Amino acid sequence: MTDAGNTTRRDAPLAAPGDGATHGLGLPGDVNMWVFVLGDLVIFSVYFIIFMVYRAHERTLFLESQRHLSLGSGVVNTLVLLASSRFVALAVQAARAGNPDRAMRLTIYGGLCGLLFMLIKIYEWSSAISHGFTLQRNDFFMFYYALTGVHLFHVLLGVIILVIMLRELRNPHLRRVSVVETCAIYWHMVDLLWVVIFALIYVMR
Amino acid sequence: MVNSTIYMRITRIWIFLSAITILSWALGSARGGKEFSPSIPITVGVLAIAFVKARFIIWDFMGVRAAPTWLRLFTDTWLATLATVILALYPY
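Thresholds, definitions, all that
- Residues numbered from 1 in each chain as written.
- Chains lettered and ligands numbered in written order.
- Predicted model: local features only at pLDDT ≥ 70, side-chain atom pairs only at ≥ 80, totals over all residues.
- Heavy atoms only, no water.
- Helix = DSSP H or I, 4+ residues; strand = E, 2+ residues; numbered from the N terminus.
- Rg over C-alpha atoms; globule rule 2.2 N^0.38 Å.
- Contact = heavy atoms within 4.5 Å.
- Areas by Shrake-Rupley, 256 points an atom, 1.4 Å probe, with all protein chains shown as cover.
- Salt bridge = Lys/Arg side-chain N within 4 Å of Asp/Glu carboxyl O.
- Polar contact = N/O pair within 3.5 Å; in protein donor to acceptor, adjacent residues only side chain to side chain.
- Axes fitted to C-alpha atoms, helices over the stretch in contact; angles between N-to-C directions.
- Parallel < 35°, antiparallel > 145°, perpendicular 65-115°, else oblique.
- Nonpolar A, V, L, I, M, F, W, Y, C, P; charged D, E, K, R; others polar.
- Buried < 20%, exposed > 50% of the residue type's maximum accessible area, 1.4 Å probe, protein only.
- Expected span 1.5 Å × (residues − 1).
- Arc of directions from axis to C-beta.
- pLDDT = per-residue confidence, 0-100.
- Phe/Tyr/Trp six-rings, centres within 6.5 Å; stacked < 30°, edge-to-face > 60°.
- Lys NZ or Arg CZ within 6 Å of the ring centre and 35° of its normal.

Trainee: I'm lost on the overall build of chain B in this one. Help?
Mentor: Helix and strand counts for chain B come out as 3 helices and 0 strands. Taken from N to C terminus, the helices and strands of chain B fall in the order α-α-α. Since a compact globule built from 92 residues should have a radius of gyration of about 12 Å, the 16 Å found for chain B marks it as more spread out than a globular shape. For the C-alpha atoms alone, the extent of chain B along its principal axes is close to 55 × 30 × 10 Å. Intrachain contacts of chain B at a sequence separation of at least 6 include 62% that bridge at least 24 residues. Carbon and sulfur atoms provide 74% of the accessible area of chain B, an area that totals close to 4500 Å².

Dropping the structure here:
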């Protein structure tokens, strides 16, 4: 629980009330992670806009192709990532409250949700490929595999970052709240991007 | 006590986000006469749900609600711009 000299900010687990709507003082996590996250959001926005431009030109093809996707898999994966975000958000609160055991448990649950997401996605891809809906099929499937593929890579990286978060919490000499917050921010970004991908690729008409 | 309030708030938000995901599913499954025909109400509804979810994730899970003004402004501007551009490109 002690971490003298190891933190850059919010060094004590009790330091941050976190959710208070009126506090608005400190930046959660590390500023470099925020720069990365905001940059990634902008890059993904460009992907989304390009997708929309193609979709506008080939609307019938995109709608016809979309119906071959498994909407159920998309929904389940959205629910899985939302659950993982909840676990990780709760883990941050537990770390702030000086309860590393609870924080570790919640981080593990969050990571397991990430693994489940990957398994469902791989199953979904293999099912689509087995039915002939490959990357080369048309522009819609090119976007489908490209966007969900780049996102899946982010999920994989996110799981690795959650492992780093777990190691941080496990080591009594570390347990820096700022590091825990930084890892969590990345994980929530993964969830955030998926929410938009799900709407654009699976559901909108 | 403060913490249990925060935990409950996070859980309430999660339940809400999961519920509107199910609503999105119901909208996406609606046939509306012709199968997978373009639908402005479904699209607007689904996108609105997505951006509501995105804002809760940013503000409450990422903690931007309690972050400095520049970050709140940046994330809100990003979200509003993306939503506007996507909707503008939809009928184009």
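Back to the text.
Trainee: Sorry, what's going on with the interface of chain A and chain B here?
Mentor: A common measure of how large an interface is: the accessible area buried when the components associate. Listed by partner, the interface residues are 55 residues for chain A and 54 residues for chain B. The interface formed by chain A and chain B contains 0 salt bridges. In this assembly, chain A and chain B are joined by 11 residue pairs in polar contact (both at pLDDT 80 or more). At the level of elements, helix 1 (31-57), helix 2 (59-66), helix 3 (71-96) and helix 6 (177-203) of chain A are the ones that each hand at least two residues to the side of chain A that touches chain B.

Trainee: Can you walk me through the packing of helix 6 of chain A against helix 2 (residues 40-61) of chain B in this structure?
Mentor: In helix packing, the relevant descriptors are the interaxial angle and the interaxial distance, both defined with respect to the helix axes. Two elements in contact, helix 6 of chain A and helix 2 of chain B, have axes separated by 9 Å at closest approach and are oriented at 180 degrees. Our classification of the angle between helix 6 of chain A and helix 2 of chain B gives roughly antiparallel. Contact with helix 6 of chain A, carried on its side by A:His188, A:Asp191, A:Leu192, A:Val195, A:Phe198, A:Ala199, A:Leu200 and A:Val203, involves B:Ile42, B:Val46, B:Leu47, B:Ala50, B:Lys53, B:Ala54, B:Ile57, B:Ile58 and B:Phe61 of helix 2 of chain B and no other residues of that element. Here the residues of the contact of helix 6 of chain A with helix 2 of chain B sort into 14 nonpolar, 1 polar and 2 charged.

Trainee: Is there a simple way to think about unusual backbone geometry in this case?
Mentor: Generally, phi is negative for residues other than glycine and the peptide bonds are trans, each holding for most cases. Residue and element names in this part refer to chain A. One non-glycine residue, Arg175, lies in positive phi territory at about 50 degrees. With respect to the helices and strands, Arg175 occurs in the loop between helix 5 (139-170) and helix 6. The exposure class of Arg175 is buried, given its relative accessible area of 16%.

Trainee: Can you help me understand helix 3 of chain A in this one?
Mentor: Given 3.6 residues to a turn, an α-helix orients residues that are three or four positions apart in the same direction. All names here are of chain A. Helix length check: helix 3 (26 residues) gives 38 Å between terminal C-alpha atoms against 38 Å at 1.5 Å per residue, within 8%. Taking burial as the measure, the 26 residues of helix 3 include 23 buried ones, the bulk of the element. Gly98, located one to two residues past helix 3, shows a positive phi value of around 75 degrees.

Trainee: Would you take a moment to explain helix 3 (residues 69-89) of chain B for this structure?
Mentor: A rise of 1.5 Å per residue sets the reference length of helix 3 of chain B, with its 21 residues, at 30 Å; its end C-alpha atoms lie 30 Å apart and thus fit the reference within 8%. Every buried residue of helix 3 of chain B is listed here: B:Leu71, B:Thr75, B:Trp78, B:Leu79, B:Leu82, B:Ala83, B:Ile86 and B:Leu89. Buried residues of helix 3 of chain B fall within an arc of 145 degrees about the axis and therefore sit on the same side. In this structure, helix 3 of chain B carries B:Leu73 and B:Thr84 as exposed residues pointing more than 90 degrees from its buried face. The inward-facing, buried residues of helix 3 of chain B abut helix 1 and helix 6 of chain A together with helix 2 of chain B.

Trainee: Explain the environment of A:Val195 here, please?
Mentor: Positionally, A:Val195 belongs in helix 6. Sequence separation between A:Val195 and A:Leu69 is 126 residues, and the spatial gap between their C-alpha atoms is 16 Å. Sequence-distant contacts of A:Val195, that is, excluding residues within four places in its chain, are made with B:Ala50, B:Lys53, B:Ala54 and B:Ile57.

Trainee: Could you clarify how one ought to interpret the confidence of the model for chain A in this entry?
Mentor: Close inspection of predicted coordinates is inappropriate in any region flagged by low pLDDT. Residues and elements named next belong to chain A. When pLDDT is averaged across chain A, the result is 90; 88% of the residues are at 70 or more. Segment residues 1-9: pLDDT under 50, and 22 contacts once partners within four positions in sequence are set aside and those in other chains are kept. In the model, residues 12-24 has pLDDT below 50 throughout and makes 30 contacts with residues more than four positions away in sequence or in other chains.

Trainee: In this structure, what is going on with the packing of aromatic side chains? I would like to understand it.
Mentor: Given two aromatic rings, one states the distance between the centres and the angle between the planes to describe the pair. A complete count under the given rule lists 19 aromatic pairs over all chains for this structure. Seen in terms of ring centroids, A:Phe141 and A:Tyr144 are 6.0 Å apart; in terms of plane orientation they differ by 90 degrees. Their pairing is edge-to-face. Taken together, the residues span about one helical turn, with A:Phe141 and A:Tyr144 both in helix 5 at a distance of 3 residues. We note that A:Phe141, like A:Tyr144, is buried. Here the guanidinium or amino end of A:Arg59 rests over the ring plane of B:Tyr90, the centre of that ring lying 4.8 Å away. The cationic tip of A:Arg86 hangs over the ring face of B:Trp14; the distance from NZ or CZ to the ring centre is 4.7 Å.

Trainee: Help me out: how do you make sense of the pattern of salt bridges in this one?
Mentor: Note on pairing: side chains with opposite charge can pair once their charged atoms come close. Residue and element names in this part refer to chain A. For the structure on display, the rule yields 7 salt bridges over all chains. Between Glu181 and Arg96 there is a salt bridge; the shortest N-O distance is 2.7 Å. Here Glu181, found in helix 6, pairs with Arg96, found in helix 3; they are 85 residues apart in sequence, far enough to count as distant. When sorted by exposure, Glu181 lands in the same class as Arg96, which is buried.

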